[in-house]
Amino acid sequence: MRLEVQVHARAGLLGNPSDGYFGKTLSCLVGNFKARVTLEESAYLSLQPHPQFDPLEFQNITELGVIYGKQGYYGGLRLLQAACKKFYDECTKRGVHLHGPNFTMSYDTDIPRQVGMSGSSAIVIATLRALLCWYDVMDRFKQAEFPTIALETEQEELGITAGMQDRVIQTYGGLMYMDFDRDVMSARGYGLYERLDASLLPPMYLAYVLNPSDSGKIHSDVRRRWNESEPEVVQAMHTFAGFADSGRAALER
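Conventions we followed
- Residues numbered from 1 in each chain as written.
- Predicted model: local features only at pLDDT ≥ 70, side-chain atom pairs only at ≥ 80, totals over all residues.
- Heavy atoms only, no water.
- Disulfide = S-S within 2.5 Å.
- Helix = DSSP H or I, 4+ residues; strand = E, 2+ residues; numbered from the N terminus.
- Buried < 20%, exposed > 50% of the residue type's maximum accessible area, 1.4 Å probe, protein only.
- Polar contact = N/O pair within 3.5 Å; in protein donor to acceptor, adjacent residues only side chain to side chain.
- Contact = heavy atoms within 4.5 Å.
- Axes fitted to C-alpha atoms, helices over the stretch in contact; angles between N-to-C directions.
- Parallel < 35°, antiparallel > 145°, perpendicular 65-115°, else oblique.
- Left-handed = near helix turned anticlockwise from the far one by under 90°.
- Nonpolar A, V, L, I, M, F, W, Y, C, P; charged D, E, K, R; others polar.
- Salt bridge = Lys/Arg side-chain N within 4 Å of Asp/Glu carboxyl O.
- Expected span 1.5 Å × (residues − 1).

Would you explain the state of the cysteines in this entry?
The term disulfide refers to a covalent linkage connecting the sulfur atoms of a pair of cysteines. Taken as a whole and assessed by the stated rule, the structure comprises zero disulfides. The closest cysteine sulfur to the non-disulfide-bonded cysteine 91 is located on cysteine 84, 11 Å from its own sulfur. With no disulfide partner, cysteine 133 has as its closest neighbouring cysteine sulfur the one in cysteine 91, 12 Å distant.

In structure tokens:
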């Protein structure tokens, strides 16, 4: 038995980063890049490190220094680990008993790192989706809940600062308008998600840098300032959310 799941990269078109602050966004998938998670039946349950992104063997100390200096210490293996643990927790909470053969899980990705195309959430969502299919429990989860579970995987299990829109668009696909109204989110745990016609989009060009900064560190300071109700940050998030509304109106005209 073998199972493979692919999840594509995403582009946040308008509203960033207000999705993490009860705002609104417009986002679409990027078909050029994807993450892939593969499960193959095996005697023991095993999670395999990626030879490029989770290296443990090196030619020499120079290679080690160059690789860790460029890629950092956190590859994709921790994403598989966290997603598997979160999946188990969610099934336990729902009273779902998991039955099925063990597997060896591996992953691969060509999504550029740290450039805002959601490479980490693609791996998490591909892992969660693969587990749902492997154990045949897809019907026990609402589609609208799935992005929230994926976000909690990174936030609660790994301490990664992130927002909802990446997980929403990578769950639904296509072109999506998202409203993360505070009251709606508080009441049910997910926002208002509407599919738009992707043919409304004009031709777009994707550009990214080869040596990016750490977006998590940048966003962590914004989170602190938001939590402290700093007027400049609060107003900025309202402004950014408005871009999603005005952009949607422009597309539909």
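Any chance you could explain unusual backbone geometry here in plain terms?
Apart from glycine, the bulk of residues carry a negative phi angle, and the bulk of peptide bonds sit in the trans form. Here the amide bond leading from asparagine 16 into proline 17 is cis, since omega sits at -10°, within 30 degrees of zero. Inspection of the secondary structure assignment puts proline 17 in the loop between β1 (2–14) and β2 (24–41). Here the phi dihedral of serine 118 falls at roughly 65°; this positive angle occurs in a residue that is not glycine. Following the sequence through the fold, serine 118 ends up in the loop between β4 (103–109) and α3 (119–134). Given a relative accessible area of 8%, serine 118 falls into the buried group. The phi dihedral of serine 229 is positive, around 55°, even though this residue is not glycine.

Sorry, what's going on with the side chain of aspartate 179 here?
For aspartate 179, the position within the fold is in strand β5 (residues 175–179). A polar contact of 3.1 Å, which involves the side chain of aspartate 179, links it to the backbone nitrogen of aspartate 181. Contacts of aspartate 179, omitting those with residues within four sequence positions, involve Gly23, Lys24, Gly191 and Leu192.

Just checking my understanding: could you explain the packing of helix α2 (residues 77–93) against helix α4 (residues 146–158) for this structure?
For any two helices packed against each other, one specifies the crossing angle of their axes together with the interaxial distance. In the contact formed by α2 and α4, the axes pass within 9 Å of each other and the chain directions differ by 115°. On the basis of the axis angle, α2 is roughly perpendicular to α4. As for how α2 packs across α4, the hand of that crossing is right-handed. Residue-level inspection shows Arg78, Leu79, Ala82, Ala83, Lys85, Lys86, Asp89 and Glu90 of α2 in contact with α4, the latter providing Ile149, Glu152, Thr153, Glu154, Glu156, Glu157 and Leu158. Considering only residue class, the contact of α2 with α4 consists of five nonpolar, one polar and nine charged.

Hey, could you run me through the environment of alanine 250 in this one?
Its place among the elements puts alanine 250 in helix α8 (residues 231–252). Note: C-alpha distance between alanine 250 and leucine 200 (50 residues apart in sequence) is 9.6 Å.

Would you mind going over the pattern of salt bridges with me for this structure?
Opposite charge on two side chains lets them pair, provided their charged atoms get close. One pass over the structure, following the stated rule, counts 22 salt bridges. The salt bridge partner of arginine 224 is aspartate 221, with a shortest N-O separation of 2.8 Å. Here arginine 224 pairs with aspartate 221, and both are found in helix α7 (residues 215–227), just three residues apart, close to one helical turn. Salt-bridge contacts for arginine 225 lead to glutamate 230; the nearest nitrogen and oxygen are separated by 2.7 Å.

Got a minute to help me understand α4 in this structure?
Each α-helix winds once per 3.6 residues, and so residues spaced three or four apart point in a common direction. With 13 residues, α4 ought to run about 18 Å at 1.5 Å a step, and its terminal C-alpha atoms sit 18 Å apart, in line with that. All of the buried residues in α4 are Phe146, Pro147, Thr148, Ile149, Ala150, Leu151, Thr153 and Glu154. Of the surrounding elements, those touching the buried residues of α4 are α2, α3 and α5 (165–172). Glycine 159 sits one or two positions beyond α4 and adopts a positive phi of about 70°.

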